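Residues per chain, in single letters:
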Amino acid sequence: MAEIAGVLRDAERPALVLGSLADDPGTWSAVAELATALDAPVWQAAYSYRMGFDQTSPLFAGHLPPGRAGLRDALGEHDVVLVLGAHAFRQYLFEDGDFVGGDTRVLVVTEDADEAVHSDAELAVIAPIDAVAGALAQDLPVRAPAARAPRPVPAPLVAEPGAEIRPGDVFQALAERLPAESTYFEESPSTRRPLLAALPVRAPFGFLTAAMGGLGFAVPGAIGVKMARPERPVVAIVGDGASLYNVQALWSAQKYGVGVLFVVMSNGGYAVMDRLAHNAGATPPWPGFGEISLSTLAAGFGCPAKRIETVEELLAVLDEVVPTLGERTEPLVLDVAVTTA
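In short, a report on the structure. (Residues numbered from 1 in each chain as written. Predicted model: local features only at pLDDT ≥ 70, side-chain atom pairs only at ≥ 80, totals over all residues. Heavy atoms only, no water.)

1. Some details on the overall build of the chain
Then comes step 1: From N to C terminus, the chain includes 13 helices and 12 strands.
Then comes step 2: Computed over C-alpha atoms, the radius of gyration of the chain comes to 21 Å, within 12% of the 20 Å expected from 2.2 N^0.38 for 341 residues, which places it in the range of a compact globule.
Then comes step 3: In terms of overall dimensions, the chain has a C-alpha envelope of 60 × 50 × 40 Å along the principal axes.
Then comes step 4: Of all 341 residues assigned to the chain, the portion counted as buried reaches 50%. (Helix = DSSP H or I, 4+ residues; strand = E, 2+ residues; numbered from the N terminus. Rg over C-alpha atoms; globule rule 2.2 N^0.38 Å. Buried < 20%, exposed > 50% of the residue type's maximum accessible area, 1.4 Å probe, protein only.)

Shown next as structure tokens:
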């Protein structure tokens, strides 16, 4: 503790990086106190499966890039980076080069010994994150806050008659309507980064995704969370390709009266796999599946579903359904036709 505090006390431009293990109410509070004391920007680690900070705060800097070059750029201005609840650093796909520049010192605090071992850091401490962050916040001198621009708020989404739905329209519409005490699941790999940018997490347990990068998690996972916390609004945002891995879980949602809202991003293809093939200089060998209807599949499992093809339809159904998510006992699949742009 003394060593960490000494490094942070001498830091001119410190930053915090939060991992998935920082998502509980006590840790949220302690980290917010520490970030305020340090007046330090807070980054969320790449590929986090849970979130640990209010992403509407002026101190929230964003989500770290998934490649080393972008990571070096993002953290390049900081002389000390304290990583809490993650290892330093999770990146994908592989890139050559260092994680950070040579003038940046990296410290790690985690409760997971494996994360500590796999960290590229000068010091990794295995300890409870909330206790360490809280103690540091009390020990360190409070810095004067720098002027920061507030998070930009986009203009409200307006439904123009007959307008096609872009992925960003779906995320903005949800951001405008979901209460802070919601949980949303992300399993839409081709649109993950714009989704995270548009739909900020504002409270503990607000976000879940697969920790291991596999597919087929969000549909049954959202059902399980809603069964465990029936009073909580739960939304699963799923690509049409990802939804096919466990689409049969919709039967369970209907059978047991589980009121999850499933938003299926239907672009008729396997966009993330197409992108990987193109990056390798190849033509995707698999067909598209534009003829597959997720709303029809859902109906076959007895689960209510609607096909949504315009922004006007999307906003209308969200205005009707989102206010009911806290007490809802019937699932609903929105098969949303989105553009690939």
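2. Side note on the packing of helix 6 (residues 167-177) against helix 13 (residues 311-321)
Two quantities define a packed helix pair, namely the angle between the helix axes and the distance between the axes.
Then comes step 1: For the pair helix 6 and helix 13, interaxial distance at closest approach is 11 Å and the crossing angle is 25 degrees. Between helix 6 and helix 13, the crossing angle belongs to the class labelled roughly parallel. At the point where helix 6 passes helix 13, the crossing takes the right-handed sense. Where helix 6 approaches helix 13, its residues D169, V170, A173, L174 and R177 are matched on the opposing element by V311, L314, L315, L318 and D319.
Then comes step 2: A class-by-class count of the residues in the contact of helix 6 with helix 13 yields seven nonpolar, no polar and three charged. (Axes fitted to C-alpha atoms, helices over the stretch in contact; angles between N-to-C directions. Parallel < 35°, antiparallel > 145°, perpendicular 65-115°, else oblique. Left-handed = near helix turned anticlockwise from the far one by under 90°. Contact = heavy atoms within 4.5 Å. Nonpolar A, V, L, I, M, F, W, Y, C, P; charged D, E, K, R; others polar.)

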